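# Coordinate analysis (summary)
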Amino acid sequence: MKHAVACICLLLAGSLRAQESLTTETIIKLARAGIGEDIIVGMVNQQPGKYALSADDMIALKKAGATDKLIAAMLVRNGASSGQPVPSGASGFATNAVVTPAANPGTLILHDATPIRLRLKRNLSSENARAGDAVEFEVLDDLRVDDVLVVARGGTALATITEAEPKKWMTRSGKLGVNIDYVRLVNGDKVAVRAVKEAKAGGHTDATIPRGTEMTALVDGEIKLDRTRLAAGVSPESPTTAASPATASRIALPSLTPASMFDVTFTSTPSNALVTMSGQPIGRTPFTTRLGPGSYKAAFSVDGYATSTKDVPVGNGFPTTVSTALRALP
């Protein structure tokens, strides 16, 4: 039996190698066929492919049995075709991130959308969780930039509970949502990341996210890092850093936040709408995030309402708040 399964895997792998490019549909077929995660991730890393990864595509992938690790590998592969860094290795996650040469040889670049695997450190339940509560995740892999350790395995990521609705007797099941905010670097500083985890209960029970649940967060923006401080474990908030009180009060980590980034606040009526950009969740309203200058499209969605799409121009002179009123479905 094992021999037969191995033969099937080899035949599938050989068939896919003959194709010009892998697609989301191909990955769904492999996942439904029960092909192992490591095999599919290896194909994604080694073969050409361009993947449709909208919110609906990701839902279809999850229903087919695709893991967060596999979806993250597909995201990274898409980034490779657009010039973004591609982690190497069959596991889908690398110990080294691609480095963009900088004018200052002491500066390292941690690229936007670099994936970081995380694991929840405690059980969460809509029965006793409260919106605004802090939650800790554990980092599962070392992350290096140009052989400099930036994020260590076993490190901490900080998250916030964005939604916590306990069950209502005979009327409503519980809801629970968590947003990953930051990951701590090896010198204790924080770098903004983006990831959203939701849980909905069935049968009038409380929603839960069990301890050990894995998520993949993506670095939020192109982040400049100081090679010397990282190697020495020195925080930019230390007395050796010259930062004005006004800057320090507004931005906790001035040297890690690109000067060209802008604070943008998202609000909606009703609130608690999931906001996505390019199919990737970035938070639930109301929230504030940082975006580089440019033109974006944001989709607001919440159960029972039609999805609303808004243009988001970012830069000097543009509005810093994006608001929308969603239309209730009949």
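Residues numbered from 1 in each chain as written. Predicted model: local features only at pLDDT ≥ 70, side-chain atom pairs only at ≥ 80, totals over all residues. Heavy atoms only, no water.

## Here's the deal with the overall build of the protein chain
- The helix and strand tally for the protein chain stands at seven helices and 20 strands.
- The buried share of the protein chain, reckoned over its 330 residues, is 45%.
- Sequence separation of 24 or more characterises 61% of the internal contacts of the protein chain that already satisfy a separation of 6 or more. (Helix = DSSP H or I, 4+ residues; strand = E, 2+ residues; numbered from the N terminus. Buried < 20%, exposed > 50% of the residue type's maximum accessible area, 1.4 Å probe, protein only. Contact = heavy atoms within 4.5 Å.)

## Describing the pairing of strand β14 (residues 262-269)
- Two strands pair when backbone bridges link them, and β14 and strand β17 (residues 287-291) are joined in this way by five bridges, in the antiparallel orientation. The residue bridging phenylalanine 262 from the neighbouring strand is leucine 291, located in β17.
- Of the pairings in the sheet, the one linking β14 to strand β20 (residues 321-325) comprises five bridges and is parallel in character. Looking at β20, one finds that threonine 265 is bridged to threonine 321. (Pairing = 2+ DSSP bridges.)

## Examining the sheet that holds strand β3 (residues 115-120)
- The sheet built from six strands closes into a barrel, its strands ordered β3-β5-β8-β9-β10-β12 with antiparallel pairing. Going from strand to strand, the sheet's axes swing by 35° on average, the running direction of each strand aside.
- Taken together, the five bridges between β3 and strand β12 (residues 214-219) define a ladder with antiparallel strand orientation. Note that in β12 the partner of proline 115 across the bridge is leucine 218. (Axes fitted to C-alpha atoms, helices over the stretch in contact; angles between N-to-C directions.)

## Notes on the confidence of the model for the protein chain
- Averaged over every residue, the pLDDT of the protein chain is 74; residues scoring 70 or more account for 73%.
- Confidence, read as mean pLDDT per element, is least for helix α7 (residues 245-250) in the protein chain (28) and greatest for β20 (92).
- This model gives residues 1-19 a pLDDT under 50, and the stretch forms 14 contacts once residues within four places in sequence are excluded.
- The model gives residues 80-103 a pLDDT under 50, and that stretch makes 56 contacts with residues more than four places away or in other chains. (pLDDT = per-residue confidence, 0-100.)

## Looking at the layout of surface pockets
- Estimated volume of the largest pocket: approximately 1,300 Å³.
- If you go around the largest pocket, you meet 38 residues; those closest to its centre are Ile59, Val196, Glu198, Leu274 and Pro281.
- Element by element, the count of residues in the lining of the largest pocket is highest for strand β10 (residues 190-200), at seven residues.
- Residue composition of the lining of the largest pocket, by class: 17 nonpolar, eight polar and 13 charged. (1 Å grid on protein atoms, 1.4 Å probe; cavity = no way out; pocket = protein on both sides within 12 Å on 5 of 7 lines; lining within 4 Å. Points joined across faces, edges and corners; volume = space filled by probe spheres on them. Nonpolar A, V, L, I, M, F, W, Y, C, P; charged D, E, K, R; others polar.)

## Points about the sheet that holds β14
- Strand order in the open sheet made by the three strands is β17-β14-β20, with mixed pairing throughout. Sheet topology places β17 and β20 at the edges, where each strand pairs with a single neighbour. Across the sheet, the axes of successive neighbouring strands diverge by a mean angle of 25°, strand direction being ignored.

## Quick notes on helix α4 (residues 55-64)
- Three or more residues of α4 are buried, namely Met58, Leu61 and Ala64. The buried residues of α4 all sit within an arc of 125° when viewed along its axis, so they share a single face. In α4, the exposed positions that point more than 90 degrees away from the buried face belong to Asp56 and Lys63. (Arc of directions from axis to C-beta.)

## Here we look at the packing of aromatic side chains
- Inspection of every chain in the model, using the stated rule, returns two aromatic pairs.
- Here phenylalanine 266 and phenylalanine 287 contribute two aromatic rings whose centre-to-centre distance is 5.1 Å and whose plane-to-plane angle is 15°, an arrangement assigned as stacked. With phenylalanine 266 in strand β14 and phenylalanine 287 in strand β17, the pair connects residues that are 21 residues apart, well separated along the chain. In this pair, the class of phenylalanine 266 matches that of phenylalanine 287, namely buried.
- Each ring, one from phenylalanine 266 and one from phenylalanine 300, has its centre 6.2 Å from the other, and the planes form 45°; the classification is tilted. Placement of the pair is phenylalanine 266 in strand β14 and phenylalanine 300 in strand β18 (residues 294-301), with a sequence separation of 34 residues. (Phe/Tyr/Trp six-rings, centres within 6.5 Å; stacked < 30°, edge-to-face > 60°.)

## Overview of the packing of helix α2 (residues 24-32) against α4
- Contact pair α2 / α4: the axes reach a minimum separation of 8 Å and the direction vectors enclose 20°. Regarding the angle of α2 to α4, the classification is roughly parallel. Where α2 crosses over α4, the handedness of that crossing is left-handed. Where α2 abuts α4, its residues Thr24, Ile27, Ile28, Ala31 and Arg32 lie against Ala60, Leu61 and Ala64. (Parallel < 35°, antiparallel > 145°, perpendicular 65-115°, else oblique. Left-handed = near helix turned anticlockwise from the far one by under 90°.)

## Some thoughts on α2
- Those residues of α2 that fall on the buried side of the exposure criterion are Thr24, Thr26, Ile27, Ile28, Leu30 and Ala31.
- In the stretch just after α2, glycine 34 is the one whose phi turns positive, near 85°.

## Considerations on the pattern of salt bridges
- As enumerated under the stated definition, the model contains seven salt bridges in all.
- Where arginine 117 meets glutamate 214, a salt bridge forms, and the shortest distance between an N and an O atom there is 3.4 Å. A residue pair is termed long-range when its members are at least 10 positions apart, and arginine 117 in strand β3 and glutamate 214 in strand β12 qualify at 97 residues.
- Accessibility expressed as a relative area gives 36% for glutamate 214, which makes it partly exposed. (Salt bridge = Lys/Arg side-chain N within 4 Å of Asp/Glu carboxyl O.)

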